[in-house]
Amino acid sequence: MTPRPTRLVLLGHPVSHSLSPAFQNAALRAAGLPITYEARDVAPDDVPAALDGLTRDGAAGNVTVPHKAAVAAWCARLTPIAERVGAVNTFWVDEGALIGDNTDVEGFHNAVVQLRGAPPAGARIAVLGAGGAAAAALAAIASWSGCTARVWNRTAERARTLCAQFPGVAIAVERAIEAVDGAALVVHATTVGMNSESMPIDPALLPRDADVMDLVYRPGETAWVRAARARGHRASDGLPMLIEQGALAFERWFGQTPNRAAMWAAVRR
């Protein structure tokens with residue numbers, strides 16, 4: 001079993017995951033664990049020094065954008081899923097070595113199941129974006145029976161590079177409309193809409209029966225989720241995925257299931 005961490009840290013940009021300390025601390029209190037979870041803003045150039053210090057301290061934690069790939073490269077060992085995705089969102093120390101995992105993959109899967117009741121099967125999925133969140137989504141899609149993905153990104157080369165990690169599953173397309181055409185599920189995996197009312201694609205272009213998964217979250221949901229739901233789509237923002245990846249990280253750190261009801265109550269106050 002992984003040694004119990006001495007500290008829990010959110011490494012990255014606290015604004016991007018500002019709810020994480022609240023729900024993780026709620027889970028810790030519910031479990032009676034005498035430890036707190038703190039956000040720590042770290043500049044890209046300071047990541048190696050921060051990780052060295054956390055490793056010496058026997059700490060554990062999560063990683064947000066823009067550091068997930070950099071932390072993956074710095075870890076002594078990666079779990080198979082983190083190695084496939086090429087990004088780390090969860091880490092801990094075992095026998096003095098920094099271990100990197102990616103609970104975003106299963107977190108995304110669980111969030112889709114919450115939205116739809118079951119993962120798609122034999123379906124085409126649209127993925128808008130080509131960063132770490134998109135990679136996690138594709139890793140989950142690769143496990144769904146008979147599903148394929150069309151990936152669009154503003155920088156086409158990034159989309160092609162990402163799709164090469166998932167041969168036979170993902171294909172890069174030149175336009176967003178090509179990605180969403182005929183899709184049963186449309187996944188938005190960029191930061192568009194995090195701090196504005198901007199939308200990744202006009203909701204009117206979504207296939208009539210498509211479900212919508214926006215991995216961005218903000219108070220009151222994103223404009224894109226609200227607009228898609230108004231047009232009759234089942235739609236969710238990124239909060240369920242955030243809670244799920246956090247709950248799975250908690251399991252990695254402590255070997256026990258957290259109180260998800262307490263976690264949800266902390267973000268709904």
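Residues numbered from 1 in each chain as written. Predicted model: local features only at pLDDT ≥ 70, side-chain atom pairs only at ≥ 80, totals over all residues. Heavy atoms only, no water.

Can you help me understand the sheet that holds strand β9 (residues 170–172) in this one?
Pairing is parallel across the open sheet formed by six strands, whose spatial order is β9-β8-β7-β10-β11-β12. Edge positions in the sheet fall to β9 and β12 (235–236), since each has one partner strand and no second. Across four bridges, strand β10 (residues 185–188) lies against strand β11 (residues 211–214) in parallel orientation. Within β11, the residue paired with V186 across the bridge is V212. (Pairing = 2+ DSSP bridges. Helix = DSSP H or I, 4+ residues; strand = E, 2+ residues; numbered from the N terminus.)

I'm lost on the sheet that holds strand β2 (residues 37–41) in this one. Help?
Strand pairing in a sheet is mediated by backbone hydrogen bonds. Such pairs are either parallel or antiparallel. Reading across from one edge, β2-β1-β3-β5-β6-β4 is the order of the six strands in this open sheet, with mixed pairing throughout. The open sheet terminates on both sides in strands that have one partner only, identified here as β2 and β4 (77–78). Taken together, the two bridges between β4 and strand β6 (residues 97–101) define a ladder with parallel strand orientation. If you follow L78 over to β6, its bridge partner there is G100. Against the sheet, helix α2 (residues 47–57) touches β1 (8–12), β2, β5 (90–94) and β6, its axis set at about 170° to β1. (Contact = heavy atoms within 4.5 Å. Axes fitted to C-alpha atoms, helices over the stretch in contact; angles between N-to-C directions.)

Where do I start with the pairing of β1 in this structure?
The side chains of a regular strand alternate between the sheet's two faces. Within β1, five of the five residues are buried, leaving the element largely enclosed by the surrounding structure. Judged by which residues are buried, β1 turns out to be covered on both faces: L8, L10 and G12 on one side and V9 and L11 on the other are all buried. Two elements, β1 and strand β3 (residues 60–63), share four bridges in a ladder whose sense is parallel. Looking at β3, one finds that L8 is bridged to A60. (Buried < 20%, exposed > 50% of the residue type's maximum accessible area, 1.4 Å probe, protein only.)

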